[in-house]
Amino acid sequence: REMSKLPLDPSFARSLIAAKMIGCFDDTLMIVSLLSTESLWQRISRREEEKVEEAEKKKKAFMHTVGDHLSLLNVYDEWLANRGSDRWCRENFVRPRALKQANNIAGQLRETMHTLNMGVCRRAHYDLPKSKEHKETGKVRRH
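Quick caveat, the model's predicted, so the values are computed rather than measured.

1. Points about the overall build of the chain
Along its length, the chain carries seven helices and zero strands. When the helices and strands of the chain are read in sequence order from the N terminus, they spell out α-α-α-α-α-α-α. In the chain, which comprises 143 residues, the proportion classed as buried is 35%. Partitioning the contacts of the chain with sequence separation of at least 6, the portion at a separation of at least 24 is 61%. Total accessible area computed for the chain in this model is approximately 9300 Å², and 49% of it derives from carbon and sulfur atoms.

Right, dumping it as structure tokens:
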């Protein structure tokens, strides 16, 4: 019944509900959010062939041995650690718009689950610093 209340593909809704029960909700929420956006990776045109190898190296640096979902989470965590920097995204061939959208989706999903009394705390996602003077690096809370 809870699944039908969530504005998600049923498999994503089921994953969130199961993750809440086994204690990995935050990571699962972010993975579902990242999968709900456009691709994180910038496309390199054939005219910029010299950048293809560099982009592949950058992408491999985020790869997780368990699989693509945790690789996406690695990208997100590094983006947070770099305060949501667009420059970091350009240097790593990542689309900042996709990361910002995933961050917003995570917030909306958590808020929805909280509103529906699904046993989820209200605060959903890391709030990106508003200014460049912010000194701390982003740390995602892991429960």
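After that view of the structure, there is still more to cover.
2. As for the pattern of salt bridges
Overall, the coordinates contain seven salt bridges when judged by the stated rule. Note that Lys 51 is salt-bridged to Glu 48, the shortest N-O span being 3.6 Å. You can call Lys 51 partly exposed: its relative accessible area is 32%. Glu 53 is paired through a salt bridge with Lys 57; the nearest N and O atoms lie 3.9 Å apart. Of the two residues, Glu 53 and Lys 57 both sit in helix α4 (residues 49-61), four residues apart, roughly one turn of that helix. Here the two residues Glu 53 and Lys 57 agree in accessibility, since each one is exposed. Within the structure, one salt-bridge network assembled from shared partners comprises Glu 38, Arg 95 and Arg 97.

What counts, and where the lines are drawn
Residues numbered from 1 in each chain as written. Predicted model: local features only at pLDDT ≥ 70, side-chain atom pairs only at ≥ 80, totals over all residues. Heavy atoms only, no water. Helix = DSSP H or I, 4+ residues; strand = E, 2+ residues; numbered from the N terminus. Buried < 20%, exposed > 50% of the residue type's maximum accessible area, 1.4 Å probe, protein only. Contact = heavy atoms within 4.5 Å. Areas by Shrake-Rupley, 256 points an atom, 1.4 Å probe, with all protein chains shown as cover. Salt bridge = Lys/Arg side-chain N within 4 Å of Asp/Glu carboxyl O.

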